[in-house]
Structure formats: structure tokens, C-alpha cells
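Given next are the chains, with one letter for each unit.
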Amino acid sequence: MKTIEVDEELYRYIASHTQHIGESASDILRRMLKFTAGQPVRTAPVVASGQAEPSVAAIAVQRPRDRVRAVRELLLSDEYAEQNKAVNRFMLVLSTLYTLDAAGFAAATDSLHGRTRTYFAGDQQTLLANGNHTKPKHVPGTPYWVITNTNTGRKRSMIEHIMQAMQFPAELIEKVCGTV
């Protein structure tokens, strides 16, 4: 077996297509590419520079059911199941939501703040300026930083607010919040 390196966004995309717990990345790619052992390998044409294919987020925004599916698949993924801390699950959910709809995520986080705290910012210093013990962390794959020293209930509340603003179904929001 060979090892290949993929960027975080591509890894999340592959993982979002998991159909059952324990499915390997190879199995997922074989299914997605409709590839079976013994088939002749055909090389795909290289996309010229500047002619990028549509991003996962753009595709997801075009098809709302795909956004729901992507979140459901995150919840079923090995990566999510392996997280033993609420803060790590929180960060994975935030990263996925941003990937699915960056503009919707931005609008939702702009209106999200506490009485005396800013929860999301474009840099660590802004969050540190609003409290000494905020423990800001960078949300992977995004330009955002988030405070992480809030209790699990507050983390769930933040996710609920963002998902409602992004118009996810109520039952999915409840399911996601229940897993954080």
C-alpha cells in the first residue's frame, strides 16, 4: 500500500463521502471514482492554471441536500469519532460549516458574541483583547479564530446559532449539538 499526502480540504471532502464507520479512504475513493481492481488506469487531463474546478463549498451551496449530507457524514466519520474532547469536535464542526458555506458562516459569526466577549475574530489578538483567558484557537481551513475556554453548553449554543443562520434543518442542528 502506498501513502499519499492530501491537503486538509481534500481530506475532509473524501471523509464527507463515508458511508459507514470504518470505511477506508481507499474504499471511499474507489467508490467515488467507480474504480475496481483490474480496470485499466486512465489518466485524467490536467486542468490548466486558472481554470479551477468548482470548490466543494461552491458545490454544496448549490445543492442544500449535499450540505446536510456533508454534516451527517462528518458525524459518522472516523476522524470525528476519534475526538475525545468537546473542543476538538467543536473545531471540526466549525471547520466543516465554513467549508460548506463561507459567506453564510461569516454572516452567522458576525452577529455572534457574548455580553462582554467576542467569540470569533480574524486574528488571535482581537480575542485576547476581549479577555485574558479566552484560549483562542485557529479554526482549521478558515481565516477565523474562536475562543475555546467556554463550557460545552456555550460551544453548543454557538454551533446552534451558526447552523440556524445557515438554515440547516432543526433535527440536524440538534443532532450536531448533541455530539459536541
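Just so we're clear, the structure is a prediction, and the values are computed from it rather than from any experiment.

About the criteria used
Residues numbered from 1 in each chain as written. Predicted model: local features only at pLDDT ≥ 70, side-chain atom pairs only at ≥ 80, totals over all residues. Heavy atoms only, no water. Pairing = 2+ DSSP bridges. Helix = DSSP H or I, 4+ residues; strand = E, 2+ residues; numbered from the N terminus. Patch = residues over 30% accessible without salt bridge, like charges linked within 9 Å, V, L, I, M, F, W, Y side chains within 5 Å. Areas by Shrake-Rupley, 256 points an atom, 1.4 Å probe, with all protein chains shown as cover. Salt bridge = Lys/Arg side-chain N within 4 Å of Asp/Glu carboxyl O. Buried < 20%, exposed > 50% of the residue type's maximum accessible area, 1.4 Å probe, protein only. Core = buried A, V, L, I, M, F, W, Y, C linked by side-chain atoms within 4.5 Å. Contact = heavy atoms within 4.5 Å.

Visitor: Where do I start with the sheet that holds strand S2 (residues 137-138) in this structure?
Guide: Backbone-to-backbone hydrogen bonds pair the strands of a sheet. The strands run either parallel or antiparallel. Across the sheet, three strands lie side by side as S1-S3-S2; this open sheet has antiparallel pairing. The sheet is open, and its two borders are formed by strand S1 (120-121) and S2, each paired with just one other strand. As paired strands, S2 and strand S3 (residues 145-146) are joined by two bridges and run antiparallel to one another. Pairing of Lys137 across the sheet is with Val146, part of S3.

Visitor: Teacher, can you tell me more about a nonpolar patch on the surface here?
Guide: Among the surface-exposed residues, Ile4, Val6, Leu10 and Tyr11 lie close enough to one another that they form a single nonpolar patch of about 360 Å² accessible area. Its relative accessible area of 36% is what places Tyr11 among the partly exposed residues.

Visitor: Would you explain the nonpolar core in this entry?
Guide: Within the largest apolar cluster, 39 residues are counted, with the highest numbers of intra-cluster contacts made by Phe120 and Phe168. For this core, the elements supplying multiple residues, two or more each, are helix H4 (64-76), helix H6 (86-100), helix H7 (102-110), S1, S3, helix H9 (152-165) and helix H10 (170-179). Examining the composition of this core, we find that nine residues originate from one element, H6, more than from any other. If we ignore the near neighbours within four places in the chain, the residues touching Phe168 are Arg67, Val68, Val71, Leu97, Leu100, Met163 and Ile173.

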